[in-house]
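The primary structure of each chain is shown beneath.
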Amino acid sequence: MKDERIAEDPSLGEKSKDEIVDTLLTLDSVQDLEYLNWTIQEALRFLSPVQATSQYETTQDVKIGKYNFQKGVNFAINFDALHMNSSQWQRPQEFLPERFNPQSPLYLTPDGKKRNPFSWCPFAGGKRVCFGKTLAECNLKFIGTYLTQFYNFEFEDPSKYANIYPHAIVGKMSDKPVNVRITKRASS
Ligand code: HEM
């Protein structure tokens, strides 16, 4: 369900934390934290921080899939549609980091095929690819790692958020406060 979020499943934080060693993370060692990386990828799929690309314009008549576009047509790529595409993702409405594990059956499309390489692209691609992609990924890995290493994040009242869906705007801000309880982990 869409309402399954990281904060509601403490085991996600635990699984990521299990991987984290007590030494200083480096650009190399952070790549070895597989579950953390799958969780970040799944978070970027499940609730893409940017909802769509900016407007593009076709420079010639083109057929994309079953659609014909004339030259000069404006269009944008909707990441939600891409990331929730049920022909590419098994159980797309569920938060399942394992779908990025090549060993998992969830790694494949519902038909058991390899996913289209563009089925996941929260940073867009090509000439207009996100300029800050590498910085953003590093921040997510390092800051996310340290925060989950030392703190627990829980919704104050999970039932309150069960049926709240993100708003369809860039940044996906809710118009109501989302109360999260942050506590120091006992072992840290
Ligand atoms: C998780 C974090 C981020 C996501 C998901 C994200 C996503 C995107 C996407 C989808 C685009 C393409 C928009 C388009 O079609 O024009 C974009 C463009 C861009 N992003 Fe990010 N971004 C993130 C973080 C950052 C950060 C941290 C920076 C800078 C420090 C940054 C700088 C830019 C710039 C400058 C562009 C415009 C590139 C161009 O048009 O040539 N982004 N981003």
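One can find the structure itself at the top, above this paragraph.
Residues numbered from 1 in each chain as written. Predicted model: local features only at pLDDT ≥ 70, side-chain atom pairs only at ≥ 80, totals over all residues.

Draft legend 1. The pairing of strand β6 (residues 180-184), seen in detail. By the criterion of burial, β6 is predominantly exposed, with just 0 of the 5 residues buried. Where strand β5 (residues 151-155) meets β6, 5 bridges bridge the pair, whose relative direction is antiparallel. Its bridge partner lying in β6, glutamate 154 is registered against arginine 181. (Buried ≥ 20, exposed ≤ 12 C-beta atoms within 10 Å, placed from the backbone. Helix = DSSP H or I, 4+ residues; strand = E, 2+ residues; numbered from the N terminus. Pairing = 2+ DSSP bridges.)

Draft legend 2. Spatial organisation of helix α2 (residues 34-46). Under the 1.5 Å per step criterion, the end-to-end length of α2 is 18 Å for 13 residues, consistent within 8% with the ideal 18 Å. Every buried residue of α2 is accounted for by Leu36, Asn37, Trp38, Thr39, Ile40, Glu42, Leu44, Arg45 and Phe46. (Expected span 1.5 Å × (residues − 1).)

Draft legend 3. Spatial organisation of the environment of tyrosine 151. Topologically, tyrosine 151 is positioned in strand β5. Separated by 33 residues in sequence, tyrosine 151 and lysine 184 have C-alpha atoms that sit 4.4 Å apart.

Draft legend 4. Representation of the environment of glutamate 42 in the model. Turning to its location among the elements, glutamate 42 is positioned in helix α2. Looking at glutamate 42, the number of C-beta atoms within 10 Å reads 21, which means it is buried. Spatially, the C-alpha atom of glutamate 42 lies 6.8 Å from that of leucine 96, the residues being 54 residues apart in sequence. With sequence-adjacent residues up to four places away left out, glutamate 42 is seen in contact with Phe95, Leu96, Pro97, Arg99 and Phe100. (Contact = placed C-beta atoms within 7 Å.)

Draft legend 5. Local environment of unusual backbone geometry. A positive phi is found at arginine 91, a non-glycine position, where the angle reads about 45°. Tracing the chain through its elements places arginine 91 in the loop between α3 (79-83) and α4 (133-150). Exposure remark for arginine 91: the 12 C-beta atoms within 10 Å place this residue in the exposed category.

Draft legend 6. Structural detail: the environment of cysteine 121. Relative to the helices and strands, cysteine 121 is located in the loop between α3 and α4. Sequence-wise, cysteine 121 and glutamine 41 are 80 residues apart; in three dimensions their C-alpha atoms are separated by 9.7 Å.

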